[in-house]
Amino acid sequence: MKKTRRLCASQLLLFLALCLFTAITLTPVAWAFLTSIKQPIDAFAIPPKLVFEPTLEFHHMVWFEKGFGRFFLNSAIISVSTVLISVSIGTMAAYGLSRMRDKAAKGILLGLLSLRMFPHMLLAIPFFILAKLLNLIDTYPAMVLALVAINQPFTIWLMHSFFVDVPAEIDEAAAIDGASEWQTFFRVVLPIVRPGLWVTALFSLLLAYNEFLFALVLTGPNTKPLPVAIAEYGGEDLNYWSLSAAAAIAIMIPIVVFMMLLQKHLVRGLALGAVK
C-alpha cells in the first residue's frame, strides 16, 4: 500500500513538472499569438493588457497582402526536395555503414560528424561563390544542394542509430531465402525501421524549413522562402511587431499540422531509437 502511494506521488510530481515545463515552453508562442491579434498600441501597453479587442487584421495582411502563399510554396519546394534527396541517400549510406563491422565505419561516421560541426557561416561564402560560378543564384537547385550537403551527416547518423538496432541475422535469413541485397534492404530491413524513417524525414524537414543563412545568401525574389520573407515584415518598427508576430504564427502552422498528422509514427520512431 505504501509502495503504491509513493508511486502515485512520484507520478503526480512528474505530471506537475511536465505541466510546468510545457507552460514555460509554450509561453513565447502564446505571447506571440496574443501580440498578433492586438493593435500595436495594445501590444506594447504597460502593464500588458489582458482584456482587449482582438483583430485578425495582421493575419489577413500576412496571408493575402504580403505574399505568404508564394513564399510558403518556395519553402515547400525546397524543404520537400531536400528531404527526398537527403533521406534517400542518407538511408542507404546508413544501412551500409551499420553492416560494416570494422573501424572504417566508425572513421566515416566521425568524419561526417566533424563536417556537421562546421559553422554555417564558414560554408555560406564558398556555397555562394560556387552557385555564382554555376549561375544558380536565385534557383531551387542551389538551395536544395546546399541543404543536402549540410544535413546529410545528420541524416546518416540518425538512420544509422535505427539500423544498428536491427539484428544482422535478419539479413542473413533473407539471403538464405534467396533475396538480393537490394531486396533485403527495401523489403525486409526498411519496413522495420519505417517509424525511424519518419522521424528522420521530420527533422530533415525542420532543418530545411527553418534555414535562414543559406536562404539569405543563395535565394532571391523568385525563390525566397519564409524565414527570409518574414524577416522583412517590419521587425525593427514597433508599429509592425503585430505583423511580425502574425507571420511567426503563420510559419508554424504547416509544421504543427504535419506533426499532428504523423504523431503516431513519430512516437513509434522515437521509441525505436531509444531501445538498445
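Above this text you will find the structure in question.
Residues numbered from 1 in each chain as written. Predicted model: local features only at pLDDT ≥ 70, side-chain atom pairs only at ≥ 80, totals over all residues. Heavy atoms only, no water.

## Comments concerning the overall build of the protein chain
Here is step 1: Check the secondary structure of the protein chain and you find 14 helices and 0 strands.
Here is step 2: Taken from the N to the C terminus, the helices and strands of the protein chain come in the order α-α-α-α-α-α-α-α-α-α-α-α-α-α.
Here is step 3: For the protein chain, the spread of C-alpha atoms along the three principal axes comes to 75 × 70 × 30 Å.
Here is step 4: For the protein chain, long-range pairs separated by at least 24 residues make up 77% of all intrachain contacts whose partners lie at least 6 apart in sequence.
Here is step 5: In the protein chain, which carries 20 positive and 16 negative side-chain charges, the distance between the mean positions of the two groups comes to 11 Å. (Helix = DSSP H or I, 4+ residues; strand = E, 2+ residues; numbered from the N terminus. Contact = heavy atoms within 4.5 Å. Lys, Arg positive; Asp, Glu negative; His and termini not counted. Charge placed at Lys NZ, Arg CZ, Asp CG, Glu CD.)

## Details of the pattern of salt bridges
Here is step 1: If you walk through the whole model with that rule in mind, you get 1 salt bridge.
Here is step 2: Asp 171 is the partner of Arg 99 in a salt bridge, and the nearest nitrogen-oxygen pair spans 3.1 Å. Of the two residues, Arg 99 is situated in the loop between helix H4 (68-98) and helix H5 (103-116) and Asp 171 in helix H8 (residues 168-176); the sequence distance between them amounts to 72 residues. (Salt bridge = Lys/Arg side-chain N within 4 Å of Asp/Glu carboxyl O.)

## A closer look at the environment of Leu 113
Here is step 1: With respect to the secondary-structure elements, Leu 113 resides in helix H5.
Here is step 2: Take Leu 113: its relative accessible area is 35%, and that puts it in the partly exposed class.
Here is step 3: Taking the C-alpha atoms as reference points, Leu 113 and Phe 214, separated by 101 residues in sequence, lie 20 Å from one another. (Buried < 20%, exposed > 50% of the residue type's maximum accessible area, 1.4 Å probe, protein only.)

## Observations concerning helix H7 (residues 140-164)
Here is step 1: Here H7 is 25 residues long and its end C-alpha atoms lie 34 Å apart, about the 36 Å a rise of 1.5 Å per residue gives.
Here is step 2: Along H7, the helix axis deviates most sharply at Asn 151, where the bend reaches about 45 degrees; the proline Pro 153 sits within four residues downstream. (Expected span 1.5 Å × (residues − 1). Bend = angle between axes of the 7 residues up to and from the residue.)

## Details of the side chain of Thr 55
Here is step 1: Structurally, Thr 55 is set in the loop between helix H2 (40-43) and helix H3 (57-65).
Here is step 2: Thr 55 sits in the buried class, given a relative accessible area of 16%.
Here is step 3: A polar atom in the side chain of Thr 55 sits 3.1 Å from the backbone nitrogen of Glu 57.
Here is step 4: Ignoring anything within four residues of it in the chain, the contact list for Thr 55 reads Ser 36, Ile 37, Lys 38 and Gln 39. (Polar contact = N/O pair within 3.5 Å; in protein donor to acceptor, adjacent residues only side chain to side chain.)

## Considering a nonpolar patch on the surface
Here is step 1: Residues Ile 125, Phe 128, Ile 129, Leu 130, Leu 133 and Leu 134 make up a contiguous nonpolar surface patch of about 620 Å² in total accessible area.
Here is step 2: Residue placement: Phe 128 occurs in helix H6 (residues 120-133). (Patch = residues over 30% accessible without salt bridge, like charges linked within 9 Å, V, L, I, M, F, W, Y side chains within 5 Å. Areas by Shrake-Rupley, 256 points an atom, 1.4 Å probe, with all protein chains shown as cover.)

## Examining helix H10 (residues 194-209)
Here is step 1: For H10, with 16 residues, the first-to-last C-alpha span of 22 Å sits near the 22 Å given by 1.5 Å per residue.
Here is step 2: Among the residues of H10, Pro 195, Gly 196, Val 199, Thr 200, Ala 201, Leu 202, Ser 204, Leu 205, Ala 208 and Tyr 209 are the ones counted as buried.

## Points about the packing of H4 against H10
Two quantities define a packed helix pair, namely the angle between the axes and the distance from one axis to the other.
Here is step 1: Between H4 and H10, the shortest axis-to-axis distance is 8 Å and the interhelical angle comes to 135 degrees. Our classification of the angle between H4 and H10 gives oblique. Our pair here, H4 against H10, has a crossing hand that is right-handed. Contacts between H4 and H10 pair Phe 72, Ser 75, Ser 79, Thr 82, Val 83, Val 87 and Thr 91 from the former with Leu 197, Thr 200, Ala 201, Ser 204, Leu 205, Ala 208 and Tyr 209 from the latter.
Here is step 2: Partitioned by chemical class, the residues of the contact of H4 with H10 number 8 nonpolar, 6 polar and no charged. (Axes fitted to C-alpha atoms, helices over the stretch in contact; angles between N-to-C directions. Parallel < 35°, antiparallel > 145°, perpendicular 65-115°, else oblique. Left-handed = near helix turned anticlockwise from the far one by under 90°. Nonpolar A, V, L, I, M, F, W, Y, C, P; charged D, E, K, R; others polar.)

Geometric values such as these leave the question of function open.
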